[in-house]
Amino acid sequence: MSDTMLRIERSGALTGSVEVAGAKNAVLVIIASLLLPRGKSVLTNVPCSDDVGQMMQLLTALGAEVSFDKETHTLTADTSMVCRSAVSAELMKKMRASVLVMGPLLALMRKAEIALPGGCVIGSRPIDLHLKNFKKMGAVITMDGESLTASAENLHATTLVLDYPSVGATENILMAAVLTPGTTRLVNAALEPEVMDLVCILKKMGASITIEAPATIRVEGVTELQAVHHEIMPDRLEAGSLLLAAAITGGDVHVVNAHAYDMDVFLLKLEEMGHTIIVGEGGRGIRLLATQNPKAVSFKTSPYPGFPTDLQAPTMAALCLAEGVSVVEELVFENRLVHVRELQKMGAQISVDGNKATITGVDALFGANVIASDIRASCALVIAGMVAKGVTHMSGIHHWKRGYDALEVKLRALGGHVEYVEPSCVLPQDLTTIQPVK
Ligand code: UD1
């Protein structure tokens, strides 16, 4: 694992225009979906992140020919030769999204042999909802230690009800259902914009899918699907992070390709903090003009269209300097407040009770040596570092590289002081936490 760190220095007000990359949470499942048709599919606007590299390796291990042009952000996958149904534990452990090959493999090969997936340490993250519903579709699941085999001679369509609108379970079941004869109704489905991007590519492939109220996805199974071209949607989570970077530094940033209508509750909270949000025609493009006196706001994370859990940590970073007391409740993941400890090292005043964090705004944050514990925590710490007095060094940057495509380059272009450094280049005095002045 890399020892490289991110060095973040206090930056001026971020200003300018910026484009976000293709959505990480859409592209991973969409790469898995390319297993469904036989032939050569092409994806454009693919972010160049470590997780995309992992997903490419996974498809290759199953027999697909996959290539990626980093210059044009174009991924090509020829799945004509896919012949295997087993994924090694080594590949599965690196990323939770690996579990998303289960649905396509079950539908195509009638068998999926995987290991329990890995990923960020943000809770126990079981896959019981995936398995329970594959069983209802007729799959037989056997577990041997960490290895899991699902097999089904014939999956059958039925009505499935999710106890909780899990994004991954919705996507996995949907990919199995599109090639299962009959009508599958998935009730209490996740309807995140990234799930909708999956629905969009599956329909292009020839799947028959309709969305019905309340939160139900109806699928009429077809016998085969065609290879397609598809452009990945812009990353709303990267867009939110850039807007927060503008907000915390008192800046003015225009995210030209962000889809505002995917981010309503988050944008509402930015407005409640006192920032001005200007949305382009048709909801395309978001500009944030920061207030110099942000106010505390409270929110609870929830499935879409509620406040996204993936923006909880970066938003908390911005609330550390807001006037008043904010209360943030994490209701999606059980262990997603690990960044609090690191923000406290920077002088933030936060107390935690279970999954609830109470943040009392302070006048300043201070540079410190911090550790990123997951993808979104890494983003929160970079944002906090850009406004902290002194220098922040962040380790654990494999999380940053897993989730973002050169976000540090975009932040620099807007005036942020964020760069990779080798530990050997870090001066001893830089590694001393600057203590907040009481
Ligand atoms: C996806 C996103 C992740 C985001 C999350 C919620 C990807 C690659 N990742 O993760 O960035 O934070 O959606 O928007 O798209 N759960 C169960 N049993 C299951 C499945 C889930 O209990 O079988 C629980 C999880 O532990 C968690 C909650 O449901 O507490 C939400 O998980 P889920 O929506 O499935 O998230 P992911 O698909 O893993």
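So, a few notes on the structure that sits alongside this text. All of these numbers come straight from a predicted model, not from anything done at the bench. (Residues numbered from 1 in each chain as written. Predicted model: local features only at pLDDT ≥ 70, side-chain atom pairs only at ≥ 80, totals over all residues. Heavy atoms only, no water.)

**Some points on the sheet that holds strand β13 (residues 229-231)**
Part 1 of the reasoning: What the four strands build is an open sheet, ordered β4-β5-β3-β13; its pairing is mixed. Each having just a single partner strand, β4 (65-69) and β13 make up the two edges of the open sheet. Across the sheet, the mean angle separating the axes of adjacent strands is 15° when strand polarity is ignored.
Part 2 of the reasoning: Relative to strand β5 (residues 74-78), strand β3 (residues 40-44) runs antiparallel, the two being bridged by four bridges. Within β5, the position partnered with Val42 by the bridge is Thr76.
Part 3 of the reasoning: Seen against the sheet, helix α2 (residues 50-61) touches β4 and β5 and runs at an angle of roughly 155° to β4.
Part 4 of the reasoning: Here helix α7 (residues 193-205) sits on the sheet and contacts β3 and β13; the angle it forms with β13, its principal contact strand, is near 160°. (Pairing = 2+ DSSP bridges. Helix = DSSP H or I, 4+ residues; strand = E, 2+ residues; numbered from the N terminus. Axes fitted to C-alpha atoms, helices over the stretch in contact; angles between N-to-C directions. Contact = heavy atoms within 4.5 Å.)

**Observations concerning the pattern of salt bridges**
Part 1 of the reasoning: Here the structure, examined in full by the defined rule, presents 17 salt bridges.
Part 2 of the reasoning: Put simply, Asp51 and Arg402 hold a salt bridge, and the shortest N to O gap is 2.7 Å. Here Asp51 is found in helix α2, whereas its partner Arg402 is found in helix α13 (residues 398-403), with 351 residues between them in sequence.
Part 3 of the reasoning: What makes Asp51 buried here is its relative accessible area of 1%.
Part 4 of the reasoning: For Glu329, the salt bridge is made with Lys300, and the minimal N-O distance between the two is 3.8 Å. Here Glu329 is found in strand β18 (residues 325-329), whereas its partner Lys300 is found in strand β17 (residues 299-300), with 29 residues between them in sequence.
Part 5 of the reasoning: Judged by relative accessible area, Glu329 falls into the buried class, the value being 17%.
Part 6 of the reasoning: When salt bridges that share partners are traced, they join Glu212, Arg218 and Glu220 into one network. (Salt bridge = Lys/Arg side-chain N within 4 Å of Asp/Glu carboxyl O. Buried < 20%, exposed > 50% of the residue type's maximum accessible area, 1.4 Å probe, protein only.)

**A look at helix α5 (residues 128-136)**
Part 1 of the reasoning: Listed as buried for α5 are Leu129, His130, Leu131, Asn133 and Phe134.
Part 2 of the reasoning: Those residues of α5 that are buried are in contact with α4 (102-109), β7 (140-144), β8 (147-151), β9 (159-161) and α6 (167-177).
Part 3 of the reasoning: Following α5 by one or two positions, Gly138 adopts a phi angle in the positive range, close to 110°.

**Let's talk about the pairing of strand β16 (residues 284-289)**
Part 1 of the reasoning: Bridge analysis of strand β14 (residues 252-259) against β16 gives five bridges, and the strand direction is antiparallel. Residue pairing in the sheet places Val253 in a bridge with Leu288 of β16.
Part 2 of the reasoning: Here four bridges tie strand β15 (residues 276-279) to β16, and the two strands are oriented antiparallel to one another. Opposite Thr276, over in β16, you have Leu289 as the bridge partner.
Part 3 of the reasoning: Between β15 and β16, which pair antiparallel in sequence order, lie four residues; one of them, Gly282, sits at a positive phi of approximately 70°.

**Focus on unusual backbone geometry**
Part 1 of the reasoning: Of the consecutive residues Ala213 and Pro214, the connecting peptide bond is found in the cis state with omega at -10°.
Part 2 of the reasoning: Within the secondary structure, Pro214 sits in the loop between β11 (208-212) and β12 (216-220).
Part 3 of the reasoning: Backbone torsion omega between Tyr304 and Pro305 reads 10°, so that peptide bond is classified as cis.
Part 4 of the reasoning: Position of Pro305 among the secondary structure elements: in the loop between β17 and α10 (312-319).
Part 5 of the reasoning: Unusually for a residue other than glycine, His73 sits at a positive phi of about 55°.
Part 6 of the reasoning: On the secondary structure map, His73 appears in the loop between β4 and β5.
Part 7 of the reasoning: One non-glycine residue with positive phi stands out, namely Asn188, at about 65°.
Part 8 of the reasoning: Turning to its location among the elements, Asn188 is positioned in the loop between β10 (183-187) and α7.
Part 9 of the reasoning: For Asn188, a relative accessible area of 27% corresponds to the partly exposed category.

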